[in-house]
Amino acid sequence: MVKGYMNKWLKVNLTTQELEEFTFSDEILRKFIGGKGIAVHYMWEYAKKLEEKRINLQEMDALSPDNILVFATGPVTGTKSPNSGRHHVMALKSPLTGSIGSGNSGGRWGAKLKFAGYDGIIVVGKADRPTYLSLIDKKAELHDATELWGKNSIETSDWLRTKHNVKRAGVSCIGPAGENLVPIAVIMNEEHRAAGRTGLGAVMGSKNFKAIIVEGKAKPEIANPKEFGSKVKEHVEKLKENGVTGQGLPTYGTAVLVNIVNQNGLFPTKNWQSGVFDEAEKLSGETLTEEYLISKHPCYGCVVACGRKTKVDKGNYKTSYTEGPEYESIWALGGSTAVSDMSAVIRANHYCDILGMDPISMGSTIAAAMELTQNGKIPEDDSQGLKVEFGNPDAVVELAWMTAYRQGLGYWIGEGSRKMCQHYGAPDLSMEVKGLEMPAYDPRGAKGIGLNYATSNRGGCHVTGYTIAAEVLGDVDRFTIEGKAELTKTFQDFTSIVNSSVNCLFLTFALGLDEYAEMIGPITGWDVNADELLKTGERITNLERMILNKLGLSGKDDTLPKRLTDEKMPSGPSEGQTVDLETMKQEYYHLRGWEDGIPTVSKISELGLN
């Protein structure tokens, strides 16, 4: 048995109500590590079994009982390594995109899962009534959740902790949006953390699966505790000395990026019509800290503490207590919609948390609705008297609530911008890739992140290859396309390691692959180095891409909205820029060993995936 793992997984069959424990071989753990990697491995094997049953994966409904959910930790989760409370969640198919479902969440739930005695959970089938799972002190049980159905994330968590008499238990659950099968629904944990993209909450809701409560006293065994302890101290010092993890994020949270990104002219404004928001200062981390901050709120084992406890004391959007919002949420609900009222953004984000929705897709789709309205595409009857106009905070707050219950225009907001813009006859106004709304960086101002958006396996995503660290926060020329293919590939493969370890992506501002080898080696007892880890990350990225190919995606889907490739940035520091995607993409495919977005036989063989 490899150290660092609990060496026990739980398979939950909701249809039969059966629970089965199993484990992965040492060989598989070495090849895929854990977290995202082990989830991708399991889903590949599961997809092949579905095909053997003559189930067409491309036609399979993401909300059918045949879809699966995988909750996964890694060897670093729950250890004394910094920022080790995270977990990864995946579904074979996303109800929002039709591609793979994938989300990563912080808080403490991942660590608590390991303390309960398990490395991960596989959920298959569909229960005939609302159901939840308890994993407490190595004991797994399914329970009737009828009394929980309809409750929000805070109410659900409080009810479960009281019911099981465990005050600090980790609770992962869906809110009303997941129950109502809203395609942008998320899975919440610790009330304000989320496996936040691709509609995983709707998959959970389709299974009548409300929540998982975890708690325990077990701890992962470390292979070389003395060496590990020494490396932890070194890594913590590097994090404290780094400008981002030691100063910017602890002082202002992730919203420290608002002014930085806006000043560089790549803060997408009014549904990506511009890269500069004149009122960005009102949405900044500085403003959040000065006017709304209660205190910092770190995740498990975190030395950065970018999390924020906040409140709104006055005005129309009073909120006595909440957490966040993060940079991406501030941008999506604020800058993208041209709403500069931070109190409204906080309120709308709070609704996303308690009702269980993705604020990036939420805000981006609302912004698309505002541009549709601007262009006369949405009939007045559909907006039901609500002024869906840029700069209107009431529209953002009201639509956030309406979306969870699929009311009025909220129905189309919940479907995501691609389906909504198609419905209203203006598909080019949807700022998405593979059906997933892009986050808060306009690639006309940083070309590498554009290539990452286009080629990211889960769609328009920054945290699969955060080249912004090099292009905006580092010293790489952000406007050139030279070297961006290699930069993107490296960031993507490294991130696969981070998400398989599993710990926080923010560590990579200060720690590289060598430091990750220094974590994973002493924990597991493996003699591992940076080169092996990068190859493992490449293996995971490619196997995930092979699942995409089974779902019908290829090079045609590795693209960007025409606004970014054809329309020059109108003003600001990135004025006149577009994204030359095709040149970068062809170089990227060459480096990857792909043809038209599909791994070649030789690449599959090289990575031991055949």
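The structure displayed is predicted, hence computed values, not measured ones.

Colleague: When you look at the overall build of the protein chain in this model, what are you seeing that I'm missing?
Modeller: When helices and strands are tallied, the protein chain shows 25 helices and 19 strands. Along the first, second and third principal axes, the C-alpha set of the protein chain runs to 60 × 55 × 55 Å. For the protein chain, long-range pairs separated by at least 24 residues make up 70% of all intrachain contacts whose partners lie at least 6 apart in sequence. Surface summary for the protein chain: the accessible area is close to 21,100 Å², and the carbon and sulfur share equals 46%. Distance from the positive charge centre (68 side chains) to the negative charge centre (78 side chains) of the protein chain: 5 Å.

Colleague: I keep staring at the domain arrangement of the protein chain and nothing clicks. Help me out?
Modeller: As a measure of interface size, the accessible area lost when the parts come together is often cited. By domain assignment, the protein chain separates into domain 1 (9-215), domain 2 (252-436) and domain 3 (442-606). Inter-centroid distance (C-alpha atoms) of domain 1 to domain 3 is 26 Å. Across the boundary between the two partners, domain 1 contributes 43 residues, which contact 33 residues of domain 3. Area buried by domain 1 at its contact with domain 3 is led by Arg30, Lys36 and Trp44, which between them contribute 22% of it. Across the contact surface, domain 1 and domain 3 share three salt bridges. The partner of Lys36 in a salt bridge is Glu544, and the shortest N-O contact between them spans 3.1 Å. Inspection of the domain 1/domain 3 interface yields 14 residue pairs in polar contact (both at pLDDT 80 or more). Broken down by element, the residue count for the side of domain 1 that touches domain 3 peaks at 10 residues, all from helix 2 (residues 35-52).

Colleague: What exactly am I supposed to notice about helix 7 (residues 225-241) here?
Modeller: Spacing of three or four residues puts side chains on the same side of an α-helix, whose turn is 3.6 residues. Taking 1.5 Å of rise per residue, the 17 residues of helix 7 would be expected to cover 24 Å, and the 24 Å separating its terminal C-alpha atoms lies within 8% of that figure. Among the residues of helix 7, Phe228, Lys231, Val232, His235, Val236 and Leu239 are the ones counted as buried. Down the axis of helix 7, the smallest arc covering the buried residues is 145°, so these residues share one side. Opposite the packed face of helix 7, turned more than 90 degrees from it, sit the exposed residues Lys226, Lys233, Lys240 and Glu241. Turning to helix 7, the residues buried within the fold contact helix 8 (243-252) and helix 21 (513-524).

Colleague: Can you help me understand empty space enclosed by the protein in this one?
Modeller: A water-sized probe, rolled over the atoms, reveals where empty space remains. All chains considered together, the criterion is met by two cavities of 30 Å³ or more. For the largest cavity, the calculated volume is near 90 Å³. Surrounding the largest cavity, 13 residues form its lining, Lys36, Thr464, Gln492, Thr541 and Glu544 being those nearest its centre. Looking at the lining of the largest cavity, the element that brings in the most residues is helix 20 (residues 484-501), giving four residues.

Colleague: For this particular structure, what's the right way to read the pattern of salt bridges?
Modeller: Close approach of charged atoms allows side chains with opposite charge to pair. Inspection of the entire model under this criterion finds 36 salt bridges. In this structure, Lys238 and Glu515 form a salt bridge, with 2.7 Å as the shortest nitrogen-oxygen distance. Of this pair, Lys238 sits in helix 7 while Glu515 sits in helix 21; the two residues are 277 residues apart in sequence, bridging distant segments of the chain.

Colleague: I tried to follow the nonpolar core on my own but got confused; where do I start?
Modeller: Across soluble globular proteins, nonpolar side chains show a tendency to be buried alongside one another. Membership of the largest hydrophobic core comes to 155 residues, with the highest contact counts inside it found for Leu92, Met362, Met420, Tyr441, Leu533 and Leu560. Look past the residues within four positions of Tyr441 in its chain and what remains in contact with it is Leu257, Val261, Leu266, Pro268, Trp272, Tyr327, Glu328, Ile449, Tyr453, His462, Tyr466 and Ile468. One finds Ala116, Ala127, Met204 and Val214 within the second-largest nonpolar core, a separate group that totals 26 residues.

Colleague: Even after reading the chapter, I still don't get the sheet that holds strand 15 (residues 319-323), so can you show me in this structure?
Modeller: Within a sheet, each strand pairs with its neighbour through backbone hydrogen bonds, oriented either parallel or antiparallel. Across the sheet, three strands lie side by side as 13-14-15; this open sheet has antiparallel pairing. Two strands lie at the open edges of the sheet, namely strand 13 (293-296) and strand 15, each paired on one side alone. Between one strand axis and the next, the sheet turns through 15° on average, direction left out of account. Where strand 14 (residues 308-312) meets strand 15, three bridges bridge the pair, whose relative direction is antiparallel. Bridge pairing in strand 15 places Val312 opposite Thr319. Those strands touched by helix 12 (residues 342-355) are strand 14 and strand 15, and its axis lies near 65° from that of strand 15.

Colleague: I tried to follow the sheet that holds strand 9 (residues 170-173) on my own but got confused; where do I start?
Modeller: Spatially, 8-7-12-9-10-11 is the arrangement adopted by the six strands of the open sheet, whose pairing is mixed. With one partner strand each, in any of the chains shown, strand 8 (139-144) and strand 11 (193-195) form the two edges of the open sheet. Across the sheet, the axes of successive neighbouring strands diverge by a mean angle of 20°, strand direction being ignored. One ladder, built from six bridges, connects strand 7 (residues 131-136) with strand 8; its direction is antiparallel. Each residue of the ladder has a partner; that of Tyr132, found in strand 8, is His143. Each of strand 7, strand 9, strand 10 (187-189) and strand 12 (209-215) is contacted by helix 4 (residues 153-163), which is oriented at about 135° to strand 9, the strand it contacts most.

Colleague: Can you help me understand the packing of helix 13 (residues 359-374) against helix 15 (residues 393-404) in this one?
Modeller: Helix-helix packing is described using two parameters, namely the angle between the two axes and the distance between the axes. Relative to each other, helix 13 and helix 15 sit at 120°, their axes nearing to 11 Å. When the axes of helix 13 and helix 15 are compared, the crossing they make is right-handed. Counted together, Met362, Ile366 and Met370 of helix 13 and Ala395, Val396, Leu399, Ala400 and Thr403 of helix 15 form the full contact between these two elements. Broken down by class, the residue content of the contact of helix 13 with helix 15 amounts to seven nonpolar, one polar and no charged.

Colleague: What is the right way to read the pairing of strand 2 (residues 18-22) from this model?
Modeller: Regular strands place their side chains on alternate faces of the sheet. When strand 1 (residues 9-13) meets strand 2, the two strands line up antiparallel, connected through five bridges. In the strand pairing of strand 2, Leu10 is matched with Glu21.

The rules we used
Residues numbered from 1 in each chain as written. Predicted model: local features only at pLDDT ≥ 70, side-chain atom pairs only at ≥ 80, totals over all residues. Heavy atoms only, no water. Helix = DSSP H or I, 4+ residues; strand = E, 2+ residues; numbered from the N terminus. Contact = heavy atoms within 4.5 Å. Areas by Shrake-Rupley, 256 points an atom, 1.4 Å probe, with all protein chains shown as cover. Lys, Arg positive; Asp, Glu negative; His and termini not counted. Charge placed at Lys NZ, Arg CZ, Asp CG, Glu CD. Domains from an automatic or database assignment. Buried area = accessible area lost by both parts, 1.4 Å probe. Salt bridge = Lys/Arg side-chain N within 4 Å of Asp/Glu carboxyl O. Polar contact = N/O pair within 3.5 Å; in protein donor to acceptor, adjacent residues only side chain to side chain. Expected span 1.5 Å × (residues − 1). Buried < 20%, exposed > 50% of the residue type's maximum accessible area, 1.4 Å probe, protein only. Arc of directions from axis to C-beta. 1 Å grid on protein atoms, 1.4 Å probe; cavity = no way out; pocket = protein on both sides within 12 Å on 5 of 7 lines; lining within 4 Å. Points joined across faces, edges and corners; volume = space filled by probe spheres on them. Core = buried A, V, L, I, M, F, W, Y, C linked by side-chain atoms within 4.5 Å. Pairing = 2+ DSSP bridges. Axes fitted to C-alpha atoms, helices over the stretch in contact; angles between N-to-C directions. Left-handed = near helix turned anticlockwise from the far one by under 90°. Nonpolar A, V, L, I, M, F, W, Y, C, P; charged D, E, K, R; others polar.

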